[in-house]
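Remarks on the overall topology
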Amino acid sequence: MSRFWTTFTRSPRWAWLVAVLLAGCAAAGGGTGPTALPTPAALTAPPSPLRTAAPTQTATATRAAPALVIVQPPEAAPEAQAWAPTARAWAEQQGLRVVVVPNLEDAADLGPVVGLIALPPMAEEQARAWAGAHPQVRVLAWRVAPPQAEAPPPPANLTIVAAEPLTWEQRFFLAGYTAVLAAENWRAGLLYTSPPGYAAAEVAQAFARGAAYWCGPCVPAYPPMVRYPVAREVPPGVEDPDAWQAAAEALLAEAPLEAVYVRGPQAAAQAVAWLRAQEVTVIWDGPPGVEADVRVFPDPWMQLDAAWLTAWLQGQAPAQVVAGWQVEPASAAAFSPGRARLVQELFAALLAGRVDAAAP
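In what follows, the accompanying structure is described.

Reading the values: the criteria
Residues numbered from 1 in each chain as written. Predicted model: local features only at pLDDT ≥ 70, side-chain atom pairs only at ≥ 80, totals over all residues. Heavy atoms only, no water. Helix = DSSP H or I, 4+ residues; strand = E, 2+ residues; numbered from the N terminus. Buried < 20%, exposed > 50% of the residue type's maximum accessible area, 1.4 Å probe, protein only. Areas by Shrake-Rupley, 256 points an atom, 1.4 Å probe, with all protein chains shown as cover. Phe/Tyr/Trp six-rings, centres within 6.5 Å; stacked < 30°, edge-to-face > 60°. Expected span 1.5 Å × (residues − 1). Contact = heavy atoms within 4.5 Å. Pairing = 2+ DSSP bridges. Axes fitted to C-alpha atoms, helices over the stretch in contact; angles between N-to-C directions. Disulfide = S-S within 2.5 Å.

Each helix and strand counted, the protein chain has 12 helices and 12 strands in total. A total of 360 residues make up the protein chain; the buried ones form 40% of that total. Of the roughly 19100 Å² of accessible surface on the protein chain, 59% is carried by carbon and sulfur atoms.

This is the structure we're talking about:
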């Protein structure tokens, strides 16, 4: 055996057999020899086109839809906050993205914006400036104070809702008329805070002219023959509920009143409750949420429905919208529908200039 092995290994056939066996192992994948390196072409080949398509598809899918921005300050009136869902539902039907922010500064980096609604008490001057800086955006803002004759025309893309279309003189003229309608024997009074720039005497005179527009000298049929109506001012800025109740007590001590028109802040709610406990009919002209016999307020929401908003977004709305006047009695016994209609008719007449609130 050893002689055979020695003879075989010295033969050229040995090298040939080993080569064949190694080639077979490599072909079967069982070898442990070195693997072939990739060619230079494989190292420098461009990436597959499929790898570059994914980022383009992702960018298209995440592109922001046009936005409707609702600027709703924390102190926005409850009526305004209640209307915001109406605007949201309409915007979603238009395929818009709805974004609610607390101030105009937060509306700067929201992507494409097609419309902006600035809810009260956003200042009209702020809305004017923002609309002028963004002429491609439709802007809707509120005028929460009486109009100024010197006010410049608004930018073309701004629509102003005149939530208070009357002057203060007209407003208190309407208040006197409303109060005397609620008094069975014309014994009407006013509890109020003077608006900026008006003296207490001016407000009381406007209120008295409104009452006289309905009842003449307003002389009751039986004593005491006090000259009606009577008025008492609470100084501007007073937010103490006890001070408002004290003013109400002094007003009622001055004359036996049947109806009192109250215009004031939330703090006046205590005075309203006290007057009602004395069986006085109270007309409330102030923030919502106060329980009174009659509530009066300007209401722009009655006109700003889905059809109006669509026209506004398309640039077809007028430059100014005048809010209607709402008279909301707690019951027909407190203030009948006929009386409410008379108040709304006088509002329209004052607005149209058919009635002069300054006439004696």
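One pass over the structure, following the stated rule, counts 7 aromatic pairs. With centroids separated by 6.5 Å and ring planes inclined at 50°, the aromatic side chains of Trp-90 and Trp-312 adopt a geometry described as tilted. With Trp-90 in helix α5 (residues 78-93) and Trp-312 in helix α11 (residues 306-313), this pair connects stretches of sequence that are 222 residues apart. The buried category is assigned to Trp-312, whose relative accessible area is 0%. A centroid spacing of 6.4 Å and a plane angle of 40° characterise the contact between Trp-168 and Phe-172, whose relative ring orientation is tilted. Taken as a pair, Trp-168 and Phe-172 lie in helix α7 (residues 168-182) at a separation of 4 residues, close to a single helical turn.

This part is about helix α8 (residues 200-215). An ideal rise of 1.5 Å per residue puts 22 Å on 16 residues; α8 measures up with 23 Å between its terminal C-alpha atoms. Within the sequence span of α8, burial applies to Val-203, Ala-206, Phe-207, Arg-209, Gly-210, Ala-211 and Cys-215. Buried residues along α8 sit in contact with α7, β6 (188-192), β7 (230-233) and β8 (259-263). Downstream of α8 by one or two residues, Gly-216 has phi in the positive range, about 70°.

We now examine the sheet that holds β7. Taking strand neighbours across the sheet as the criterion, the 6 strands line up as β7-β6-β8-β9-β10-β12 in an open arrangement whose pairing is mixed. Only two strands of the sheet have a single partner each, and these edge strands are β7 and β12 (324-329). Averaged over all neighbouring strand pairs, the angle between strand axes comes to 20°, with direction disregarded. The pairing of β6 with β8 spans 5 bridges and is parallel. Bridge pairing in β8 links Leu-190 to Tyr-261. The strands touched by helix α9 (residues 241-254) within the sheet are β6, β7 and β8, with β7 carrying the most contacts at an inclination of about 155°.

Let us now look at the state of the cysteines. Applying the stated criterion to the full structure yields 1 disulfide. The disulfide partner of Cys-215 is Cys-218, and the gap between their sulfur atoms is 1.7 Å. Classification of the bridge connecting Cys-215 and Cys-218 rests on its S-S torsion, roughly 45°, and on that basis the disulfide is right-handed. With respect to class, Cys-215 is no different from Cys-218; both count as buried.

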